[in-house]
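# Residue-level structure breakdown
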Amino acid sequence: GAVDSLMEISNRVWVDGRVEELDAGWRKRIDAANADLAQKGMRVLGVGFRRCDKNPGADCAQPVEEDLVFIGMMGMIDPARPEVSQAVQTAREAGVRTIMITGDHPLTALHIARDLGITAADGGVIAGPELVRMDIPGLQSALEHTSVFARVSPEHKLKIVDALQDKGQIVAMTG
């Protein structure tokens, strides 16, 4: 899954064929590697495991998605379809503003949004946890200068649409 989510449920790391504690140093290294791949526009997938006996006992009781051993991560390039860039440009020329709302890592979303012309090189991103803390007036204010939202849930998407519509905007979504 997402590296940041996997790190929340991992407490060890696989290093040179053995398991070590996932301490602050390892977390910093993993976060940096994740950010490096995401900044390059890659979707990053983390991998971890939890060893269980053939006949799981108390050590593998539910939930099994905790106390994992972090193995590593891989970056995948998933470029936008070729026609997307032209569609964004055509929309802009018609006076339509494009906003990106995605479940991707914020750095991945920014890279893709910049490539597509959805946001400027110095444009920012608002991530799901920050969005949760925003009230509708705060979100409406942020929407005046922010066109990229990342690590969002379906509920976040509705909050963004509602905030735009409450300001009298006409909203259409594609996906």
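That block above? That's the structure.
Conventions we followed
- Residues numbered from 1 in each chain as written.
- Predicted model: local features only at pLDDT ≥ 70, side-chain atom pairs only at ≥ 80, totals over all residues.
- Heavy atoms only, no water.
- Salt bridge = Lys/Arg side-chain N within 4 Å of Asp/Glu carboxyl O.
- Helix = DSSP H or I, 4+ residues; strand = E, 2+ residues; numbered from the N terminus.
- Buried < 20%, exposed > 50% of the residue type's maximum accessible area, 1.4 Å probe, protein only.
- Axes fitted to C-alpha atoms, helices over the stretch in contact; angles between N-to-C directions.
- Parallel < 35°, antiparallel > 145°, perpendicular 65-115°, else oblique.
- Left-handed = near helix turned anticlockwise from the far one by under 90°.
- Contact = heavy atoms within 4.5 Å.
- Nonpolar A, V, L, I, M, F, W, Y, C, P; charged D, E, K, R; others polar.
- Pairing = 2+ DSSP bridges.

## Describing the pattern of salt bridges
Applying the stated criterion across every chain yields a total of 7 salt bridges. Notably, a salt bridge pairs R151 with D4, separated by 3.1 Å at the nearest N-O pair. Highlighted residues: R151 in the loop between β7 (148-150) and α7 (154-166) and D4 in helix α1 (residues 3-8), separated in sequence by 147 residues. With relative accessibility at 24%, the residue R151 sits in the partly exposed group. Relative accessible area serves as the criterion here: at 30%, D4 is assigned to the partly exposed category. A network of salt bridges, in which partner residues are shared, links R43, D78 and D104.

## Looking at the packing of helix α2 (residues 24-39) against helix α4 (residues 106-116)
Direction vectors running N to C along α2 and α4 enclose 15°, while the axes themselves pass 7 Å from each other. By the angle between their directions, the pair α2 and α4 is classed as roughly parallel. The way α2 lies across α4 gives a crossing that is right-handed. Counting all contacts with α2, which are made through A35, A38 and Q39, the residues of α4 involved are L107, T108 and H111. Classifying every residue of the contact of α2 with α4 by side-chain character gives 3 nonpolar, 3 polar and no charged.

## Observations concerning the sheet that holds strand β5 (residues 100-101)
If you trace the 3 strands from one edge of the open sheet to the other, you get β5-β7-β6, paired in parallel fashion. In the strand order of this sheet, the two ends are held by β5 and β6 (126-127), each with one partner. Packing of α4 onto the sheet brings it into contact with β5, β6 and β7, and relative to β7 it is tilted by some 150°.

## Things to note about α4
Turning to α4, its buried residues are P106, T108, A109, L110, I112, A113 and L116. Residues of α4 that are buried in the fold lie against α2, β3 (42-49), α3 (82-93), β5, β6 and β7. One or two positions beyond α4, positive phi appears at G117, with a value near 80°.

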